[in-house]
Amino acid sequence: MARTREFDTEAAVSRAMELFWTRGYEATSVRDLTRHLGIGQGSLYAAFGDKDGLYRAALEHYRTTLAAAALRDLEEGADARSAVRTLLTERVRIAVGHDGRGCLAVNAACERLPEDASIRRIVRDMQDAGRDALAEVLRVAVERGDIAPRHDPLTLAAFLVTVLNGLLVSSKVTPDLHALEPVVEVAVAAIG
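Residues numbered from 1 in each chain as written. Predicted model: local features only at pLDDT ≥ 70, side-chain atom pairs only at ≥ 80, totals over all residues. Heavy atoms only, no water.

Novice: Can you help me understand the layout of surface pockets in this one?
Specialist: Any space left empty among the atoms is revealed by the rolling of a water-sized probe across them. By volume, the largest pocket is sized at about 390 Å³. Lining the largest pocket we find 26 residues, and of these Ala67, Arg91, Met126, Gly130 and Leu164 sit closest to its centre. For the lining of the largest pocket, the elements supplying multiple residues, two or more each, are helix 4 (51-75), helix 5 (80-100), helix 6 (104-112), helix 7 (117-144) and helix 8 (153-173). A per-element tally of the lining of the largest pocket places helix 7 first, with 7 residues. For the lining of the largest pocket, the class distribution of residues is 19 nonpolar, 4 polar and 3 charged. (1 Å grid on protein atoms, 1.4 Å probe; cavity = no way out; pocket = protein on both sides within 12 Å on 5 of 7 lines; lining within 4 Å. Points joined across faces, edges and corners; volume = space filled by probe spheres on them. Helix = DSSP H or I, 4+ residues; strand = E, 2+ residues; numbered from the N terminus. Nonpolar A, V, L, I, M, F, W, Y, C, P; charged D, E, K, R; others polar.)

Novice: Explain empty space enclosed by the protein to me, please; I cannot follow it from the model alone.
Specialist: Evaluated as defined, the whole model comprises 1 cavity of 30 Å³ or more. If you add up the space inside the largest cavity, you get close to 40 Å³. Every residue lining the largest cavity is listed: Leu138, Val142, Ile147, Ala148, Arg150, His151, Pro153, Leu156 and Ile191. Contributing elements (two or more residues each) for the lining of the largest cavity: helix 7 and helix 8. When the residues that make up the lining of the largest cavity are grouped by side-chain class, the tally is 7 nonpolar, 1 polar and 1 charged.

Novice: Mind showing me how you'd approach the packing of helix 1 (residues 9-23) against helix 2 (residues 30-37) here?
Specialist: Relative placement of two packed helices is described by the angle separating their axes and the distance separating the axes. Taken N-terminus to C-terminus, the directions of helix 1 and helix 2 make an angle of 130°; their axes are 10 Å apart at the nearest point. Classed by the angle they form, the pair helix 1 and helix 2 counts as oblique. Read as a crossing pair, helix 1 and helix 2 show a hand that is right-handed. Contacts from Ala12, Arg15, Ala16, Leu19, Phe20 and Arg23 in helix 1 reach Asp32, Leu33, His36 and Leu37 in helix 2. Residue composition of the contact of helix 1 with helix 2, by class: 6 nonpolar, 1 polar and 3 charged. (Axes fitted to C-alpha atoms, helices over the stretch in contact; angles between N-to-C directions. Parallel < 35°, antiparallel > 145°, perpendicular 65-115°, else oblique. Left-handed = near helix turned anticlockwise from the far one by under 90°. Contact = heavy atoms within 4.5 Å.)

Structure (structure tokens):
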């Protein structure tokens, strides 16, 4: 007879996400995970299959919590420039925290690609969602006459995602929000 799971898998995924985010995939062993989560190795394998399965679950958790919150905040922004400034600044603020741990999704791309196709899909889906949400904010701003239609909103949104990715990598090298804020202002100025 199968035993019932004796731990909260959602809480375990959230805690694993924090550990992977801080240490990275390669530097986090199964032993580190079982200690951090307070579960046995057999329980980890039964719930997630293996370390990769738990890592994918952690990335999905990141997508449905922090990344989803960023998209909601973007949609609630007062105007396009303010919304973009807030999005970029808030993402960088989170990334410089904990001595520059960066962004879990960008870290995953840097550490696991091009070899891991499933991680590529997860990260690409997050970036596509961000690009599409930004494009909609920019499209509405152009329609209202708030910004000049100098660039296609989708292309401009892709540019902003690229700048954000660069800022998130830079936050690991220079974990100082004030040093990175001028780049945010240049990106906002590019909106038009």
